Amino acid sequence: MLNLNSVSSIIRQSTRKPGDTWNLLCFSAHERFEQNICGLNANFYALQGQNVRVWNQQYSKIPDNYRFVKQRIPPNLVFDAIISHNPFVHIPLATQVARQLHIPIINIFHTDSPNSSWNRQVFEQNRRLFDQCQHHVFITEYNKISWGFKNEKNCTVIEHGIDSELFIPQLNGKRENYILTVGNDFINRDQELGYSIWGKVTEGLPTKVIGNTPGLSDPAKTQQELIGELQRAKAYINTTLRSPFPMSLLEAFSVGLPCVTTNTNAISDFFTHGHDCLMFNPNEPEQGRKYLERLLSDDYECKRLGENARKTILEKFKMSTFLEKWEKLLQEVCEKPYLG
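Residue numbering note: each chain is counted from 1, following its sequence as written. In view of the model being predicted, local features appear only for residues whose pLDDT reaches at least 70, and side-chain atom pairs are presented and counted only at 80 or more, with totals across whole chains, interfaces and linings using the full set of residues. Only heavy atoms go into the side-chain values, all of them from the structure, while hydrogens and water stay out.

Engineer: I keep staring at the overall build of the chain and nothing clicks. Help me out?
Structural biologist: Helix and strand assignments come from DSSP, with helices taken as H or I runs of at least 4 residues and strands as E runs of at least 2, each series counted from the N terminus. A tally of helices and strands in the chain yields 13 helices and 12 strands. Atoms counted for the radius of gyration: C-alpha only. Globule rule: 2.2 Å times residue count to the power 0.38. Taken over C-alpha atoms, the radius of gyration comes to 21 Å for the chain, in line with the 20 Å a tight globule of 340 residues would show. Projected onto its principal axes, the C-alpha positions of the chain cover 70 × 45 × 35 Å. Across the 340 residues that make up the chain, the buried fraction comes to 54%. Contact criterion: two residues are considered in contact whenever any of their non-hydrogen atoms come within 4.5 Å of each other. Across the chain, every contact between residues at least 6 apart in sequence was considered, and the portion connecting residues at least 24 apart equals 68%. Per-residue accessibility takes into account occlusion by the displayed protein chains alone, with areas from the Shrake-Rupley method and a 1.4 Å probe. Here the chain has roughly 16,100 Å² of accessible surface; of this, 47% comes from carbon and sulfur atoms. Throughout this description, buried means an accessible area under 20% of the type-specific maximum (1.4 Å probe, protein chains only), exposed means over 50%, and partly exposed covers the range between.

Right under this line is the structure:
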């Protein structure tokens, strides 16, 4: 028998009007991404659970429309959907709630591809887990294809949006002569973030790392402090190997910071070597080092690349486009009762 919440959910799905505020269940996962998606006309309620991370306010402040459900879902609230960010942690938790409330699960794939150690059997097992969701969101087309969803209909590509009015170039400021990198758990996530490559590329050069990596670096105390670091640095180095689009790289582009980056995954689908960044093959770290040395000694090249990088962000990663695509997706996924 349906409980009161599930009946209310079905009625809401049938009677919801355009412009009504969305009520969305979710899990704390990627603070900067969630800060951006909170730009929707929506209320977000983050569920707690085993292995669900806690929001770190050093990375981003908690938006006013983002709340935490500490023990049980408030019985007076009616929800439209539940959003998963980490399929292996969130989907098992989301499935229980979605079945009880009769609301769809929207799963977001933030990483570029399945783990390289998976064999076919493991991949198929995980695909059955993904099938518990009614819709999947990928942050790039590359991201979608690499996870094996090229011909699937229940998925949408929504590229990141960047708040270009928050991540802005420093006005009349002088950049300091060091190379910046932003990343958490940099050393332990070598396979994803390319810490070993970073060491080879930057050896002997002036560097600064921002992020929670014990023994190497600390995170910025506030988001504004991070923006200040991006505005002051001379250049940025990105050595990621598995992320289709590091948010930190896009934020560096947005402040007009000239960037040297590994040419991996979807980066070259949106940026152009020699125009708005400098790209190198991760198997040829010496090339990346040459690019960094060039930027440290060439103010004109830094200015040219940085200005073009910001133009690319303004053109291809508009926050308004990001929110419009999410609004359209929610309307499509939540437009009819989900009785699964």
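Read on, since the account is not over.
Engineer: Sorry, what's going on with the packing of aromatic side chains here?
Structural biologist: Note on aromatic contacts: the rings of Phe and Tyr and the six-membered ring of Trp form a pair at centre separations within 6.5 Å, being stacked when their planes are under 30 degrees apart, edge-to-face when over 60 apart, and tilted otherwise. Following the criterion strictly, the structure yields 21 aromatic pairs and no others. Ring geometry for phenylalanine 186 against tyrosine 195: centres 5.1 Å apart, planes inclined by 75 degrees, an arrangement best described as edge-to-face.

Engineer: I'm lost on the side chain of asparagine 265 in this one. Help?
Structural biologist: On the secondary structure map, asparagine 265 appears in the loop between strand S11 (259-262) and helix H10 (267-270). Overall, asparagine 265 belongs to the buried group, its relative accessible area being 15%. What qualifies as a polar contact is a pair of N or O atoms within 3.5 Å, subject to a donor-acceptor requirement within protein and to the restriction that residues adjacent in sequence count only when both atoms come from side chains. Within the local environment of asparagine 265, its side chain forms a polar contact with the side chain of tyrosine 142, the two groups lying 3.1 Å apart. Within the structure, asparagine 265 has its side chain in polar contact with the backbone oxygen of leucine 241 (distance 3.0 Å).

Engineer: Which parts of the structure should I look at to understand the sheet that holds strand S6 (residues 135-138)?
Structural biologist: Pairing between the strands of a sheet comes from backbone hydrogen bonds, and it takes one of two forms, parallel or antiparallel. Two strands pair under a simple rule: DSSP has to find at least two bridges between them. Taking strand neighbours across the sheet as the criterion, the seven strands line up as S3-S2-S1-S4-S5-S6-S7 in an open arrangement whose pairing is parallel. Across the chains shown, the open sheet's two edge strands, defined by having one partner strand only, are strand S3 (66-69) and strand S7 (155-157). Between one strand and the next, the sheet's axes are offset by a mean angle of 25 degrees, whatever the strand orientation. Strand direction decides the pairing type here: strand S5 (residues 105-109) and S6, joined by four bridges, are parallel. Its bridge partner lying in S6, isoleucine 106 is registered against histidine 135. Angles shown run from 0 to 180 degrees and are taken between the N-to-C directions of axes, each axis being a line fitted to C-alpha atoms and, for helices, limited to the stretch in contact.

Engineer: For this particular structure, what's the right way to read helix H13 (residues 319-333)?
Structural biologist: It helps to recall that an α-helix has 3.6 residues per turn; residues three or four apart then point in one direction. Look at H13: 21 Å from first C-alpha to last across 15 residues, which is about the 21 Å you get at 1.5 Å a residue. Taken together, the buried positions of H13 are Met319, Phe322, Leu323, Trp326, Leu329, Leu330 and Val333. Along the axis of H13, the buried positions cluster into a sector of 125 degrees, meaning they face one direction only. Residues of H13 that are exposed and point over 90 degrees away from its buried face: Glu324 and Lys328. One fewer than the residue count of a helix, multiplied by 1.5 Å, yields its expected span. Regarding the arc, it is the one traced by the directions from the helix axis to the C-beta atoms.

Engineer: What is the right way to look at the packing of helix H3 (residues 87-101) against helix H4 (residues 120-130) in this model?
Structural biologist: Angle between the axes and distance between the axes: these two values describe a pair of packed helices. For the pair H3 and H4, interaxial distance at closest approach is 10 Å and the crossing angle is 40 degrees. Looking at the two axes, H3 sits oblique to H4. Our pair here, H3 against H4, has a crossing hand that is left-handed. Every residue of H4 that contacts H3 at Pro87, Phe88, Ile91 and Pro92 is listed here: Asn126, Leu129 and Phe130. Residues are sorted three ways: Asp, Glu, Lys and Arg are charged, Ala, Val, Leu, Ile, Met, Phe, Trp, Tyr, Cys and Pro are nonpolar, and all the rest, Gly among them, are polar. Among the residues forming the contact of H3 with H4, the class breakdown is six nonpolar, one polar and no charged. Relative orientations are named as follows: roughly parallel for angles under 35 degrees, roughly antiparallel for angles over 145 degrees, roughly perpendicular for angles from 65 to 115 degrees, and oblique for any other angle. Crossings are classed by handedness, with left-handed meaning an anticlockwise turn of the near helix from the far one by less than a right angle and right-handed meaning a clockwise turn.

Engineer: Help me understand the environment of phenylalanine 149 in this model?
Structural biologist: For phenylalanine 149, the position within the fold is in the loop between helix H5 (141-146) and S7. A sequence separation of 11 residues divides phenylalanine 149 from phenylalanine 138, and the C-alpha atoms of the two residues are 9.6 Å apart. In this structure phenylalanine 149 touches Phe109, Arg127, Phe130, His136, Phe138, Lys144 and Cys155, once residues within four positions along its chain are discounted.

Engineer: Is there a simple way to think about unusual backbone geometry in this case?
Structural biologist: Glycine aside, a negative phi is what most residues show, and trans is what most peptide bonds show. If you check the backbone angles, asparagine 51 has positive phi at about 70 degrees while not being a glycine. Along the chain, the position of asparagine 51 falls in the loop between strand S2 (42-47) and S3. For histidine 102, which is not glycine, the phi torsion reads 60 degrees and is therefore positive. Tracing the backbone through its elements, the reader meets histidine 102 in the loop between H3 and S5. A relative accessible area of 11% places histidine 102 in the buried class.

Engineer: For this particular structure, what's the right way to read the pairing of strand S10 (residues 235-238)?
Structural biologist: Within a regular strand, the side chains alternate between the two sheet faces. Alternating residues of S10 divide into Ala235 and Ile237 and Tyr236 and Asn238, and every residue in both groups is buried. Pairing between strand S8 (residues 179-182) and S10: two bridges, direction parallel. Paired with isoleucine 179 across the strands is alanine 235, a residue of S10. Summarising the sheet, S10 and S11 pair through three bridges and their orientation is parallel. If you follow isoleucine 237 over to S11, its bridge partner there is valine 260. The parallel pair S10 and S11 is bridged by helix H9 (residues 247-254), and the resulting crossover is right-handed. Consider the strands pointing away from the viewer: the crossover is right-handed when the path from the first strand over the helix to the second runs clockwise.

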